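# Architecture and fold: a report
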Amino acid sequence: MIKAVRGTRDLLPPDTALWNFVEAAVRDVFRAYNFHEIRTPIFEETQLFARSVGEETDIVAKEMYTWEDRGRGAGSLSSSGWPPRSKSVSGADSRSGSFAESDRGQSLTLRPENTAGIVRAYIEHKMWDRGLNKFYAIGPMFRRERPQKGRYRQFYQIDAEVIGPPSAGSESPARDAEVLELVATLLDRLGIRDWTLQLNSVGCSNDRAAYNDALRKALEPVATKMCTDCQRRAVTNPLRVFDCKVPEDQPIIEKLPRISQYLDESCRKHFEQVKDILKSIGVEFHENDRLVRGLDYYTRTAFEFTHGALGAQNAILGGGRYDGLSESLGGPSAPGIGFAIGEDRLVLALKESAEAVQHKPDVYIAPLGPGTDRAAARLARELRHHDLVVELGDETFRLKKSFEAATRAGARLILIVGENEVQADTFALKNLATGEQVSVPHAELVLRIQSAG
Ligand code: HAM
């Protein structure tokens, strides 16, 4: 039997109702904050992620689904056979610049996150002309992580980004506070109470250079006692040492200097202003100067919202500022801030309330006897035009089987369409919960079914 690939899963009813409920609520909140939807491709050039998320991050170094796309000159499917020989592409290849589309292969990657793609689109479509852009996107992301509860290889993110030229106010701490307040509102609206906002400032490029020096110095005497990843990170990108999950390394990491000691005056002030606004609007937060996030593009404000009920994978969302990202991708200065909710985790946190958002049929129509399918179909069409949820049965079913099907579908009412009923144009309507049965003339059906709720 062919099964779904490890780390991927089918989302089935009734769970999908919960996903739709979440997405509808999210779209409502985004509308109130004047965010607009953007949809970027699910795969991009590999170098986009290498240059933005960072070569030394776990995401780029270990978790991306990357392949070399055959160029036009690589021959047709039939001549080359199937499967095509795919070559795994290393980060080094991905840095070698863009390939000419014509005849050479191109290194492509399934998006592990959406910020890079959105900033690429911002640059490609010169969206600075529009002033401050407020985008949101909902869709699948792909990371080759070890699957466990709340961690999948195909997972869904609800992403939001505020980006624009500095003249549009994109750098303002007011934007950071607004984005954080939006998240708090969204979680509250969904009925998620048990969240904590972990907040930090990771500084800008000036602070980062001084901080990286300090980290390198502190790591020099101890790096050999750490895991091989950390030994490499200590030289290439010491900030990434904080991503280490190896338990034996934690006491060393605990003693490393903190970024909060290295913030320059403007970053410190920016962070203070963000916190001031949050306090004045009543959004609670917890300062955590160990939070550096697992992606390289962050500057200044960085944050995560954690949720108590989620266990090990407790980050329901993460985000922050990325003021230099556009420049590093060849664009103009375009400070930005955003976040991505792990929708799978959000839905997990909401699981208890799943029952409340299920929509069940208002009525099950049970044709009874040969030739009644047509009358039943006519009635179903009519009732559905009145926005009623209708489940339609089958004239070959005996009455007992129709009752069983109606009960399994969760219908409130069953409408019996036998030959006599069709002739009299009056139908038997039975409430499945109370057992009460009434005879209803055709013209009154809609009203009777609507009022039976
Ligand atoms: P991230 O922290 O890598 O940030 O991912 C954001 C959220 O996606 C996580 O907090 C988690 O809820 C969810 N997530 C990540 N990996 C998985 C997985 N394997 N399975 C299930 N859920 C997962 C970003 O992706 C940034 N692009 C966020 C951002 C937007 N920063 C600025 N703008």
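Structure's up top.
Since this is a predicted model, take the numbers as computed values, not measurements. (Residues numbered from 1 in each chain as written. Predicted model: local features only at pLDDT ≥ 70, side-chain atom pairs only at ≥ 80, totals over all residues. Heavy atoms only, no water.)

This part takes up the packing of aromatic side chains. Per the counting criterion, the structure on display carries ten aromatic pairs. When the centroid spacing of 5.4 Å and the interplanar angle of 40° are considered together, the rings of Phe30 and Phe35 count as tilted. Exposure class is identical for Phe30 and Phe35. Each is buried. Ring centres 5.7 Å apart and planes at 65° place the aromatic pair Tyr122 and Trp128 in the edge-to-face group. Judged by relative accessible area, Tyr122 falls into the buried class, the value being 0%. The rings of Phe30, Phe35 and Tyr136 are connected pair by pair, giving a single aromatic cluster. Above the face of the Phe271 ring, Lys275 is positioned so that its terminal group lies 4.2 Å from the ring centre. The ring of Phe397 has Lys401 lying over it, and the distance from NZ or CZ to the ring centre is 4.3 Å. (Phe/Tyr/Trp six-rings, centres within 6.5 Å; stacked < 30°, edge-to-face > 60°. Buried < 20%, exposed > 50% of the residue type's maximum accessible area, 1.4 Å probe, protein only. Lys NZ or Arg CZ within 6 Å of the ring centre and 35° of its normal.)

With that out of the way, let us pick up the sheet that holds strand S12 (residues 363-368). Taken in spatial order, the five strands make up an open sheet running S13-S12-S14-S15-S16, and their pairing is mixed. Every interior strand has two partners, whereas the edge strands, strand S13 (390-392) and strand S16 (437-441), have only one. The sheet shows a mean angle of 25° between the axes of neighbouring strands, taken without regard to direction. (Pairing = 2+ DSSP bridges. Helix = DSSP H or I, 4+ residues; strand = E, 2+ residues; numbered from the N terminus. Axes fitted to C-alpha atoms, helices over the stretch in contact; angles between N-to-C directions.)

The next subject is the packing of helix H7 (residues 173-189) against helix H11 (residues 265-281). Direction vectors running N to C along H7 and H11 enclose 45°, while the axes themselves pass 8 Å from each other. When the axes of H7 and H11 are compared, the pair comes out oblique. Both H7 and H11 take part in a crossing whose hand is right-handed. For the pair formed by H7 and H11, the contact residues are Pro173, Ala174, Asp176, Ala177, Leu180 and Glu181 on the first element and His270, Gln273, Val274, Ile277, Leu278 and Ile281 on the second. Classifying every residue of the contact of H7 with H11 gives eight nonpolar, two polar and two charged. (Parallel < 35°, antiparallel > 145°, perpendicular 65-115°, else oblique. Left-handed = near helix turned anticlockwise from the far one by under 90°. Contact = heavy atoms within 4.5 Å. Nonpolar A, V, L, I, M, F, W, Y, C, P; charged D, E, K, R; others polar.)

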